[in-house]
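Examination of the molecular architecture
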Amino acid sequence: MSSQGRPTAEEVERLLLGLPPRHTRAGVAELSGVPQELAARIWRALGFAQRADDAVAFTDADVEALRRVRHLLDTGLLDEETVVRMARALGQTTARLAQWQAEIMTSAMLPPEPGDDDLARMLDATRGLLPDFERVLVHVWRAQLAAAGTRLLALADLSDEPLLTRVPMAVGFADLVSFTSRSRELDERELAALVEGFESRASDVVASHGARLVKTLGDEVLFTAPGAAQAAAIALDLVEADELRIGLAYGPVVPMMGDVFGTTVNLAARLTAIAHPGSVLVDAALAAELDGEPHGFALRRIRKRPARGLGVVQPFVLRRSSL
């Protein structure tokens, strides 16, 4: 590709996909041995647009990917529904990752008003960086998979349910104080920097304690930890780094689709809503887990509060112990 002029969509696709499209939807299904209906479900689950039957839009790599799906099914270890669920998890996660990385690259490599030559130079730079990105991605995925497996084993030790449909854990919400009013005073770049800075600090703190950042919601993060002490340490570190209000709860949680659900999650969210700025509120169950343990935490019972949908709850204010 010439280093001059605006890159075309075809040039971008050829660089990132590596191969030209050669197959129709029916052709790629036939060559891979995957039924066309199942192949269509997999493409939809991955988040790809529906193609016309006669559109030549699939590469040899698409054929190979579906052949691997065929092999997974042939082992008998996975059924079709499980394969589609795995495809959906892969598609949703990598779509967000790709968008995020593209935004980082453009902000780092392009001027505020890029010209055609700037875009071409970024595409050339991407060609050189892509192999390293791909290798790092696979390594990090394996490491994260190992960490997830370790967490599941730890949770299995705490749960009486072998399928881990409901497992006891600590759940925390951390919410930026006065985000709405602050966002009105900032331009787009300043607002993006505020959110990214908060999410980065939260991610670092959660990871440093061996816990999991489940998701970020702009001005709020949701995290989980196997134990109450881990969650309490995370909350106190977070509230010292940012102007936050934080709610923690401990109890059974339903892990699903990379997220967590259940009354414990709802309770943590309600405690966050009633917490004062700069404070951490915990529920009675988490307070009981911490009580008497030499973790350097102090708990103060406050008056009971109504929590929408949960009735009246007994919150405790969490602080560091002065001893």
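Residues numbered from 1 in each chain as written. Predicted model: local features only at pLDDT ≥ 70, side-chain atom pairs only at ≥ 80, totals over all residues. Heavy atoms only, no water.

Examining the overall build of the protein
When its secondary structure is counted, the protein shows 11 helices and 10 strands. Over its C-alpha atoms, taken along the principal directions, the protein stretches across nearly 70 × 55 × 35 Å. The buried share of the protein, reckoned over its 323 residues, is 35%. Of the contacts formed within the protein by residues at least 6 apart in sequence, a portion of 65% connects residues at least 24 apart. When the accessible area of the protein is evaluated, it comes to approximately 19200 Å², of which 55% is carbon and sulfur surface. Across the protein, the centroid of the 35 positively charged side chains sits 5 Å from that of the 44 negatively charged ones. (Helix = DSSP H or I, 4+ residues; strand = E, 2+ residues; numbered from the N terminus. Buried < 20%, exposed > 50% of the residue type's maximum accessible area, 1.4 Å probe, protein only. Contact = heavy atoms within 4.5 Å. Areas by Shrake-Rupley, 256 points an atom, 1.4 Å probe, with all protein chains shown as cover. Lys, Arg positive; Asp, Glu negative; His and termini not counted. Charge placed at Lys NZ, Arg CZ, Asp CG, Glu CD.)

A few points about the packing of helix 3 (residues 36-46) against helix 4 (residues 60-74)
Across the interface, helix 3 lies against helix 4 with an axial gap of 12 Å and an inter-helix angle of 110°. Looking at the two axes, helix 3 sits roughly perpendicular to helix 4. Here the hand of the crossing between helix 3 and helix 4 comes out right-handed. Between helix 3 and helix 4, the residues in contact are Leu38, Ala39, Ile42 and Trp43 and Asp62, Leu66, Val69 and Leu73, respectively. Considering only residue class, the contact of helix 3 with helix 4 consists of 7 nonpolar, no polar and 1 charged. (Axes fitted to C-alpha atoms, helices over the stretch in contact; angles between N-to-C directions. Parallel < 35°, antiparallel > 145°, perpendicular 65-115°, else oblique. Left-handed = near helix turned anticlockwise from the far one by under 90°. Nonpolar A, V, L, I, M, F, W, Y, C, P; charged D, E, K, R; others polar.)

Comments concerning unusual backbone geometry
Unlike most non-glycine residues, Ser178 shows phi in positive territory, near 60°. Mapped onto the fold, Ser178 is located in the loop between strand 1 (167-176) and helix 7 (179-184). For Ser178, a relative accessible area of 40% gives the class partly exposed.

Points about the side chain of Asp242
Mapped onto the elements of the fold, Asp242 is located in the loop between helix 9 (228-241) and strand 4 (244-256). You can call Asp242 buried: its relative accessible area is 15%. Looking at Asp242, its side chain comes within polar contact range of the side chain of Arg201, at 2.8 Å. Once you skip the residues sitting within four places of it in the chain, Asp242 turns out to touch Phe198 and Arg201. (Polar contact = N/O pair within 3.5 Å; in protein donor to acceptor, adjacent residues only side chain to side chain.)

What about the confidence of the model for the protein?
Taken over all residues, the pLDDT of the protein has a mean of 87, while the share at 70 or more is 93%. Here helix 7 stands out as the least confident element of the protein, with mean pLDDT 79; strand 6 (residues 280-282) is the most confident, with 97. (pLDDT = per-residue confidence, 0-100.)

Describing the pattern of salt bridges
Applying the stated criterion across every chain yields a total of 12 salt bridges. A salt bridge links Glu64 to Arg68; the shortest N-O distance between them is 3.5 Å. Linking Glu64 with Arg68, this pair stays in helix 4, spanning 4 residues, or about one helical turn. For the salt bridge of Arg320 with Glu240, the shortest nitrogen-to-oxygen distance reads 2.7 Å. Taken together, the residues Arg320 in strand 10 (residues 316-320) and Glu240 in helix 9 connect sequence positions 80 residues apart. Given a relative accessible area of 38%, Arg320 falls into the partly exposed group. Each of Asp237, Glu240 and Arg320 takes part in one network of salt bridges that share partners. (Salt bridge = Lys/Arg side-chain N within 4 Å of Asp/Glu carboxyl O.)

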